[in-house]
Amino acid sequence: MPMTPKPVSPTVADQNQALLNSLPFSDTQDFEDAKRGFLGKRAPNAITNADGAVVWDNDTYDFLQGDAPDTANPSLWRQSTLNAIQGLFEVVPGIYQVRGFDLSNVTFIEGETGVLVLDPLVTQETAAAALALYREHRGDRPVTGVLYTHPHVDHFGGVRGVTTQEDVDAGRVPVIAPAEFTEHAVSENVYAGTAMSRRSAYMFGAALARSPRGALGTGLAQTVATGNITLITPTLDITETGQTETVDGVRMVFQMAPGTEAPAEVLVYFPDHKALCAAEDATHTLHNLLTLRGALVRDSHAWSNYLTETIDLFGGETEVVFASHHWPTWGNEGVVKFLSEQRDLYAYLHDQCLRLINKGWTGIEIAEDLKLPPVLDQAWHARGYYGSVSHNLKAIYQRYMGWYDGNPAHLWQHPPVEQGKRYVELGGGADAVVVKARAAFEAGDFRWSAEVLSHVVFAQPDHTAARELLADTFEQLGYGAENGVWRNIYLSGATELREGQFGTPTVSASADVISALTPEMLFDAIAIQIDGPRAWNEKLTVDVVLTDTDQRYRLRLANGALTYSPASQIGDADVTLTTTHRALPALATAPTADGLAKAGIEVTGDTSALSRLAGVLDPGDPDFPIVTP
């Protein structure tokens, strides 16, 4: 049974009040912009899947009104109130956005006969509902094109809610994306997908009640829908800045921005509308340089340089900039100011972090000390609602310097459980450490309370008093967090300590994503699952023959490693699989002779080799512990 959240502590209440007094809350321009062009909304907004289960309900955030309660950082409350505004909005005549239907926005650009869909949300169900709302107000226009700005799941996952594979294969609906989109879309969601999805459950607050003491949103938007994640691979690649394309009369000019918010990313200028889609490189928050769910570290230097290029390319005539999250900015002067401040934000963090690195500072020290310039600190769109100054500076340090901070004492530290045992012993035993942690808690020193209590929980996971006090500590840290993701992570930790593990509500490695793996990526995904020690003495070979692409591969398992080669082989393999490129992904989900045969894969040779291969696979755990050992 869910446990009742605790009241806010005086320390956090005072901290929130101080922030309320330090920021320009009298500036209401964002509220005017977030409501501008409103055409209508879906009421009620509970979106269901084919089985009738609710996958998204933005109405659950209706409590986000008025002044912030003392259990919420007032700046985050403001941002969440803005993000919860939902419906269909006109950006400019011919460009429309549906906001509040998922983690991201979907944009509809009207063409001569139909509509181009830009970034179709996370799930098939929410994208279909957004398209229905658009058609309700703008007519039953056919979808004549799809555009993905980058390969994160909230920008492609709903594609089958707006078009079909048949229409794409027939050439009726081109799917446009930056070069290498598919490689990055599937690798991110498969290689470390289990761990990323599990950590995403914390990051997006999936298990939290939506309330003034629970989930308020992520800062980037509210949270992630839990429906069907789909993928249709692109048919038209964008490969260079300045490339122009026209779909159904919609003219587009593209700017490549790889290595910014995603490894493959494009910004899109619509010259006939004087409108710029900034993808996710300029939004109304400081973005992540290293998302807390896990990812490759992003390049803040390149990010700032690309935004300079954006201003140079399009700043002279752009009258509105919109993105895949949040609300647009109108007016050429406002557009240039917004893009310039976003550019300066990433440049400042990058350059100042390197300045201090070269003075011998560590990532933790830089993150604790470095502050933004006053103009950026007071700019609402530069606040750390999703990314944060703290963890972004650590990310920059990691990008250049790695995990080691140069101190020999940190070169070979004990793992968490062993650390916990030794610190607890050093502190006089678990009970004594909890007494000291409670004193820190009562004094409002929650960071230290969390530090010492985590050691107790890892040393003695069943120590009830430590678990309860650590949950209370995480809760207070959540109440004070301006960053939506930090709040969700702290409160999710409290929930897991109090109620048990809650798993992974949204799994990004869907059937569509797995089916998009190239043969090489599929073999890599299987290799990642090999239990090395169990496979030390196993030796086998598997040939894979793809009849539709005339490709042949040999997989070898030896010395606990699965490797492969496309070259022709001398001698027979233990077992041979003959199939098509489209059917091959069954090897990842049913690597037995019977399972492959059911998928239409011809199996010849020693079928026991498949059983031996399956016997050393060790799939990821979507419910692994995070705040306990």
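Scroll up a little and you will see the structure.
Please read these numbers as outputs of a predicted model, since none were measured by experiment.

So, about the overall build of the protein chain. On a plain count of helices and strands, the protein chain comes out with 22 helices and 21 strands. In terms of its C-alpha atoms, the protein chain occupies a principal-axis envelope of roughly 75 × 70 × 55 Å. Taken over 629 residues, the protein chain has a buried fraction of 55%. In the protein chain, the share of contacts with a sequence separation of at least 24, taken over all contacts with a separation of at least 6, comes to 72%. Surface summary for the protein chain: the accessible area is close to 25800 Å², and the carbon and sulfur share equals 52%. For the protein chain, the distance from the average site of its 44 positive side-chain charges to the average site of its 78 negative ones is 3 Å.

The next point concerns the nonpolar core. Counting 78 residues, the largest nonpolar core has F108, Y148 and V544 as its most contacted members. Broken down by element, the residue count for this core peaks at six residues, all from helix α4 (residues 124–138). In this view, V544 contacts F523, Q551, R552, Y553, L555, L577 and L584; residues no more than four positions away in its chain are not counted. Within the second largest apolar cluster, 38 residues are counted, among which are I357, L372, L376 and Y397.

Take E280: it is sitting in the loop between β14 (275–277) and α8 (300–314). Buried E280, no salt bridge; nearest opposite-charge side chain is R298, N-O distance 6.5 Å. What E280 contacts, discounting residues up to four positions off in sequence, is H150, D154, H155, L220, E261, E265, H287, W303 and H325.

Take unusual backbone geometry next. In this chain, A43 is followed by P44 through a cis amide linkage whose omega measures -10°. Summarising the element assignment, P44 is placed in the loop between β1 (38–40) and β2 (46–48). Positive phi values are uncommon outside glycine, yet L121 reaches one of about 60°. Positioned with a positive phi, K274 is a non-glycine residue whose angle comes to about 50°.

This paragraph deals with the side chain of S492. Of note, S492 is situated in helix α17 (residues 484–499). Only 3.5 Å separates the side chain of S492 from the backbone oxygen of Y202, close enough to count as a polar contact. Residues contacting S492, with those up to four places away along its chain left out, are A201, Y202, G205, L208 and F502.

In space, the five strands of this open sheet follow the order β19-β18-β17-β20-β21, with mixed pairing throughout. Looking at strand neighbours, the two that pair on one side only are β19 (561–565) and β21 (602–605), the edges of this open sheet. Within this sheet the neighbouring strands show an average axis-to-axis angle of 20°, counted without direction. Pairing of strand β20 (residues 575–579) with β21 involves four bridges; the strand directions are antiparallel. Paired with T578 across the strands is E602, a residue of β21. Each of β17 (540–546), β18 (551–558) and β19 touches helix α19 (residues 519–527); the most contacted strand, β19, lies at about 170° to it.

As defined by bridge partners, β2 adjoins strand β3 (residues 54–57) across three bridges and the pair is classed as antiparallel. Note on β3: the bridge partner recorded for A46 is D57. In textbook terms, the turn of a hairpin is the stretch between consecutive antiparallel strands, and for β2 and β3 this stretch comprises five residues, one of which, G52, has a positive phi near 90°.

Time to look at the environment of G193. If you trace the backbone, G193 turns up in helix α7 (residues 193–203). Overall, G193 belongs to the buried group, its relative accessible area being 4%. Once the C-alpha coordinates of G193 and G294 are considered, the two residues, 101 residues apart in sequence, prove to be 9.5 Å apart.

Taken as a whole and judged by the stated rule, the model has 18 aromatic pairs. On the basis of an interplanar angle of 55° and a centroid distance of 6.0 Å, the ring pair of F63 and W77 is categorised as tilted. Pair noted here: F63 is in the loop between β3 and α3 (74–83) and W77 is in helix α3, with a separation of 14 residues, a long-range link. For F63, a relative accessible area of 22% translates into the label partly exposed. An angle of 70° between the planes, with centres 5.2 Å apart, marks the rings of F523 and Y553 as edge-to-face. Placement of F523 in helix α19 and of Y553 in strand β18 is noted, with a sequence separation of 30 residues between them. Judged on exposure class, the residue F523 and its partner Y553 are both buried. What links up through ring pairs into an aromatic cluster is the set Y61, F63 and W77. For R36, the ring lying beneath its charged end belongs to W330, and the centroid distance is 4.1 Å.

Cut-offs and rules
- Residues numbered from 1 in each chain as written.
- Predicted model: local features only at pLDDT ≥ 70, side-chain atom pairs only at ≥ 80, totals over all residues.
- Heavy atoms only, no water.
- Helix = DSSP H or I, 4+ residues; strand = E, 2+ residues; numbered from the N terminus.
- Buried < 20%, exposed > 50% of the residue type's maximum accessible area, 1.4 Å probe, protein only.
- Contact = heavy atoms within 4.5 Å.
- Areas by Shrake-Rupley, 256 points an atom, 1.4 Å probe, with all protein chains shown as cover.
- Lys, Arg positive; Asp, Glu negative; His and termini not counted.
- Charge placed at Lys NZ, Arg CZ, Asp CG, Glu CD.
- Core = buried A, V, L, I, M, F, W, Y, C linked by side-chain atoms within 4.5 Å.
- Salt bridge = Lys/Arg side-chain N within 4 Å of Asp/Glu carboxyl O.
- Polar contact = N/O pair within 3.5 Å; in protein donor to acceptor, adjacent residues only side chain to side chain.
- Pairing = 2+ DSSP bridges.
- Axes fitted to C-alpha atoms, helices over the stretch in contact; angles between N-to-C directions.
- Phe/Tyr/Trp six-rings, centres within 6.5 Å; stacked < 30°, edge-to-face > 60°.
- Lys NZ or Arg CZ within 6 Å of the ring centre and 35° of its normal.

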